[in-house]
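This is what each chain is made of:
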Amino acid sequence: MREMAKELSKDPLTYERDKRAFLEELKQFHASRRTPFSQFPSIGGNEIDLYLLYNKVTTLGGWNKVSDHHHWSELLHFFHLPKACGNATEALKYIYIRYLNLYEKVHFLNEDPADQDNDYEGRQSKAPTLAEQVPMVYRKDQHAIAGALAGLFI
């Protein structure tokens with residue numbers, strides 16, 4: 001936690017207090033939109049700090065700017081994710097889409113949530129969104145190839 005607090009130039013107690021308040025507000029936001037969550041996302045067994053992720057992305061200008069300038073891979077080290085893990089950047093993007101993207105639009109970009117095509121009533125008869133289709137836990141061992149089989153792909 002100290003390392004993450006340092007990333008946002010906060011002392012650990014302030015960081016923890018602000019993080020708790022942010023996560024409570026985020027959970028309330030999702031509950032009010034009927035998109036609640038009970039578990040926090042993880043990649044390769046590392047829980048993703050949504051407070052840190054949101055702050056880092058919005059500091060860089062938000063989802064659109066981070067994506068347009070391909071900065072997702074630069075965020076991996078904040079969450080102790082190896083760059084060698086090919087899907088880590090994609091998993092981080094999907095976590096942001098699922099948990100933080102709409103929250104960013106409302107709270108960072110000051111967009112009207114009624115304008116978002118993500119509201120419950122508007123989605124009832126539509127196909128699932130990208131965020132709803134993506135598993136929220138990434139396990140790097142799901143891509144491991146047994147030693148005996150590895151030779152077949154060379």
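Our structure is the block above this text.
Because the structure is predicted, anything quoted here is derived from the model rather than measured.

**Q** Outline the packing of helix α3 (residues 50-59) against helix α5 (residues 88-107), listing residues and values.
**A** Two elements in contact, α3 and α5, have axes separated by 10 Å at closest approach and are oriented at 65°. In terms of orientation, α3 and α5 fall into the roughly perpendicular class. Crossing angle aside, the handedness with which α3 passes α5 is right-handed. On α5, the residues touching L50, L53, Y54, V57 and T58 of α3 are L92, I95, Y96, Y99, L100, Y103, E104 and H107. Looking at the contact of α3 with α5 residue by residue, the class counts come to ten nonpolar, two polar and one charged.

**Q** Quick rundown of the pattern of salt bridges? Include the residues and the values.
**A** Pairing of side chains with opposite charge becomes possible as their charged atoms draw close. With the rule as written, the count across this model stands at four salt bridges. Linking E16 and R20 is a salt bridge whose minimum nitrogen-to-oxygen distance equals 3.9 Å. In this pair, E16 and R20 both sit in helix α2 (residues 12-32), four residues apart, roughly one turn of the helix. In this structure R20 comes out as exposed when scored by relative accessible area, which is 54%. The closest approach of N and O atoms between D49 and K19, which form a salt bridge, is 3.7 Å. Linking D49 in the loop between β2 (46-47) and α3 with K19 in helix α2, this pair joins segments that are 30 residues apart in sequence. Given a relative accessible area of 3%, D49 falls into the buried group. Its relative accessible area of 18% is what places K19 among the buried residues.

**Q** Provide a residue-level description of the nonpolar core, including the pertinent values.
**A** Nonpolar side chains in soluble globular proteins tend to be buried together. Among the nonpolar cores identified, the biggest contains 33 residues, and F22, L53, W72, L75, F79, L92 and L100 are the most heavily contacted of them. Counting residues per element, this core draws most heavily on α5, at ten residues. The residues touching F79, leaving out its near neighbours within four places in the chain, are N46, I48, D49, L52, L53 and L92.

Criteria and cut-off values
- Residues numbered from 1 in each chain as written.
- Predicted model: local features only at pLDDT ≥ 70, side-chain atom pairs only at ≥ 80, totals over all residues.
- Heavy atoms only, no water.
- Axes fitted to C-alpha atoms, helices over the stretch in contact; angles between N-to-C directions.
- Helix = DSSP H or I, 4+ residues; strand = E, 2+ residues; numbered from the N terminus.
- Parallel < 35°, antiparallel > 145°, perpendicular 65-115°, else oblique.
- Left-handed = near helix turned anticlockwise from the far one by under 90°.
- Contact = heavy atoms within 4.5 Å.
- Nonpolar A, V, L, I, M, F, W, Y, C, P; charged D, E, K, R; others polar.
- Salt bridge = Lys/Arg side-chain N within 4 Å of Asp/Glu carboxyl O.
- Buried < 20%, exposed > 50% of the residue type's maximum accessible area, 1.4 Å probe, protein only.
- Core = buried A, V, L, I, M, F, W, Y, C linked by side-chain atoms within 4.5 Å.

By themselves, these are just geometric observations and shouldn't be taken as functional.
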